Amino acid sequence: MASGRREELPPSSDITSSDLDRQDSELDTRGNSDISETTPLLTSASYPSKGVDCGDRSNLVQTLREELPILGRYALPTFGSQLLEYGLTVTSVVSIGHLSTTALAAASLGSMTASLSGYGIISGLCSALDTLLPSAWTSDNPQLVGLWSQRMCIVVAAFSIFPFTVWLNAEPILLALRQDPAVAKLAGIYLRWSSLGLPAYAFNNICRRYFQSQNLFSIPTHIVIIITPINILLNYLLVWGPESIRLGFIGAPLATAFSFSLISVLYIIYGVFFVPKTAWHPTSSQIFTGLGIIVRLGLSGIAEVGSDYWAWEGVAFGASFLGPVALASQSVLLTSTATVYSGPLSLGQATAVRIGNLLGERKASRARIAALTGMILALAFAMLTSSMFLVFRNSWARIFNDDPEVISRVAGVIPLVALFQAFDGVATVAGGILRSQGRQFTGAVLIFCCNFLFGIPVGMTLAFKFKMDLFGIWTGLTIALVCCAVLGTWLAFRTSWEYEVEKVQRRLEAEKERERRRRTMLEHGITQ
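Residues numbered from 1 in each chain as written. Predicted model: local features only at pLDDT ≥ 70, side-chain atom pairs only at ≥ 80, totals over all residues. Heavy atoms only, no water.

**Section: the overall build of the chain**
Step number 1: If you tally the helices and strands in the chain, you get 20 helices and 0 strands.
Step number 2: When the accessible area of the chain is evaluated, it comes to approximately 21000 Å², of which 67% is carbon and sulfur surface. (Helix = DSSP H or I, 4+ residues; strand = E, 2+ residues; numbered from the N terminus. Areas by Shrake-Rupley, 256 points an atom, 1.4 Å probe, with all protein chains shown as cover.)

Here is the structure:
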């Protein structure tokens, strides 16, 4: 346990249920002191050195060679699942985009609003699991993976009230923000139907991390591969299909919501029938305890992911004031970059899981080399995506829209998009490293400062004052990414990996102590 003498239980005659609540709170504080990045190190005698692979330091090249295929095995299926899952919403945008430019603008505005007020919040909350689950899996109590996942379901359900409220009242909110009435009306319709898939989206985020923490990276990929053709068929039938079943504009968000729900069903089937139950924890009242660390890490995760979402989508929102054509062009650019961003995002996720597993095994120096390996792979992937954008710059926008002006505007900005791919990948992997260390708040501060103090002000000034249009906006985004990549890399590697191992052990010991106290309380006849 962390510093301080363990408090003993009172005699059986004096025990009350409030004792349990108070002790759980104390354990949250002790076990979660890892959230503070200035917490003093424990003494070297606090935990045995067994399992810390100090010998790896003498052979960096050999260890890099060993880590490269491991991260590759983790990242490739994650990339497939991320790309295909994001493709569910891209299919929706593409199917709507060919209805009209106004419809494409409305779908873009609705998608941006969904990201700002819903998807970003859920993704941020679930990022707490990137810290908690991988190290729990390689600990001596892997059932904590299931317990933390169940606790996250409780937290996400509580936080989902806000996005539901916004999405169901989107039209008046967008009108108050002076959006075009026709676009705002369609965007409101888009969000109302999209809200049907929000619970499934949240559940899928938790399930994906549940499986990935156990190194079962292929399961999410298998599931999305099954759902992708179904989603494409649904979009065609509901938007463009026979008149008897055609719904037009609302068919696209409805198809996406239904596809998210099908993914949830398949996750449940996989978990119940096709994978070992090693990580599963029997459902009990314990899911309502120990929520403090999830809320604290989750709020930091919301700030981290939210700062990123709010910056990018907020800039896209600013582009809406340049007119429908600019907004449609921005939609193409954002959709394109978000699609290829699945690569760095997958690497960041794979790196976080790998580092977390190693920290749970108390392999400090190996975790450091795994972080370095993730950075190398991010740069390699960036070279591929940059080349792709440059080669297809003049025809890329035709995938989404046939408007010649949209095609021309997109082609003019794509070289800049290709330039910042390297910085985007490095910044994303650095964020994954910080999450594996439980430093979501540090990542949030970094992203907020780079975007809102530098990137967005420069981008908006260039776009509106100097009349550089979308090129000015993306110049600002590039500046922000350069700052995030440089500072994020420095922060991610400026750490004591031995200390990170000790933080994980404190958290695991706190959970053991919580369970021991609860069993003792129950033995004394205390019910909850």
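**Let's talk about the layout of surface pockets**
Step number 1: Here the largest pocket defines a volume of roughly 340 Å³.
Step number 2: Along its surface, the largest pocket is lined by 17 residues, and Phe203, Cys207, Tyr210, Gly271 and Trp280 are the ones closest to its centre.
Step number 3: Where the lining of the largest pocket is concerned, the elements lending two or more residues are α5 (144-159), α9 (198-212) and α11 (251-274).
Step number 4: Counting residues per element, the lining of the largest pocket draws most heavily on α9, at 5 residues.
Step number 5: Each residue belonging to the lining of the largest pocket can be placed in one class, and the counts come to 11 nonpolar, 5 polar and 1 charged. (1 Å grid on protein atoms, 1.4 Å probe; cavity = no way out; pocket = protein on both sides within 12 Å on 5 of 7 lines; lining within 4 Å. Points joined across faces, edges and corners; volume = space filled by probe spheres on them. Nonpolar A, V, L, I, M, F, W, Y, C, P; charged D, E, K, R; others polar.)

**Considerations on helix α13 (residues 324-340)**
Step number 1: Look at α13: 25 Å from first C-alpha to last across 17 residues, which is about the 24 Å you get at 1.5 Å a residue.
Step number 2: For α13, a buried count of 14 out of 17 residues is recorded, marking the element as mostly surrounded by other parts of the structure. (Expected span 1.5 Å × (residues − 1). Buried < 20%, exposed > 50% of the residue type's maximum accessible area, 1.4 Å probe, protein only.)

**Regarding a nonpolar patch on the surface**
Step number 1: Taken together, the side chains of Val265, Ile268, Ile269, Val272, Phe273 and Phe274 present a nonpolar region at the surface, about 590 Å² in accessible area.
Step number 2: For isoleucine 269, the location among the structural elements is in helix α11.
Step number 3: Overall, the relative accessible area of 33% leaves isoleucine 269 in the partly exposed class. (Patch = residues over 30% accessible without salt bridge, like charges linked within 9 Å, V, L, I, M, F, W, Y side chains within 5 Å. Salt bridge = Lys/Arg side-chain N within 4 Å of Asp/Glu carboxyl O.)

**Structural notes on the packing of aromatic side chains**
Step number 1: Counted under the stated rule, the structure contains 13 aromatic pairs.
Step number 2: Chaining the aromatic ring pairs together yields one cluster made of Tyr119, Trp167, Tyr201 and Phe260.
Step number 3: One cation-aromatic arrangement involves arginine 151 over tryptophan 148; the distance from NZ or CZ to the ring centre is 4.6 Å.
Step number 4: Here the guanidinium or amino end of lysine 503 rests over the ring plane of tyrosine 499, the centre of that ring lying 5.6 Å away. (Phe/Tyr/Trp six-rings, centres within 6.5 Å; stacked < 30°, edge-to-face > 60°. Lys NZ or Arg CZ within 6 Å of the ring centre and 35° of its normal.)

**Describing the UniProt feature "transmembrane region" (unreviewed entry) in the chain**
Step number 1: The sites that carry the UniProt feature "transmembrane region" (unreviewed entry) are, in the present numbering, residues 152-170, 215-238, 250-275, 369-392, 412-434, 441-464 and 470-493.
Step number 2: The span residues 215-238 carries 88% helix and 0% strand; its end-to-end C-alpha distance comes to 37 Å.
Step number 3: Strand forms 0% of residues 412-434 and helix 96%; the C-alpha atoms that close the span are 35 Å apart. (UniProt positions renumbered as here; feature names shortened; annotations may be inferred.)

**Notes on the pattern of salt bridges**
Where charged atoms of side chains with opposite charge meet at close range, the side chains can pair.
Step number 1: The full count for this structure, using the stated rule, is 15 salt bridges.
Step number 2: Lysine 512 is paired through a salt bridge with glutamate 509; the nearest N and O atoms lie 3.8 Å apart. On the criterion of helical spacing, the pair formed by lysine 512 and glutamate 509 is a turn pair, its members being 3 residues apart in helix α20 (residues 497-523).
Step number 3: Judged by relative accessible area, which is 33%, lysine 512 ranks as partly exposed.
Step number 4: Through salt bridges with shared partners, a single ionic network connects Glu66, Glu67, Arg354 and Arg366.

**So, unusual backbone geometry**
Step number 1: Phi angles above zero are rare outside glycine, and asparagine 215 is one such case at about 65°.
Step number 2: Assignment of secondary structure puts asparagine 215 in the loop between α9 and α10 (218-240).
Step number 3: Phi at aspartate 469 is positive, roughly 60°, even though this residue is not glycine.
Step number 4: Position of aspartate 469 relative to the elements: it lies in helix α19 (residues 469-493).

**Examining the nonpolar core**
Step number 1: One finds Trp148, Met152, Ile223, Ile263, Ile355, Ile433 and Trp497 to be the most contacted residues of the largest nonpolar core, which totals 81 residues.
Step number 2: If you tally residues by element for this core, the top one is α9, at 8 residues.
Step number 3: Discounting residues that sit within four places of it in the chain, isoleucine 433 has contacts with Thr351, Ile355, Ala371, Met375, Ala492, Phe493 and Trp497.
Step number 4: Residues Ala319, Val332, Val406 and Val410 belong to the second largest nonpolar core, which totals 33 residues. (Core = buried A, V, L, I, M, F, W, Y, C linked by side-chain atoms within 4.5 Å. Contact = heavy atoms within 4.5 Å.)

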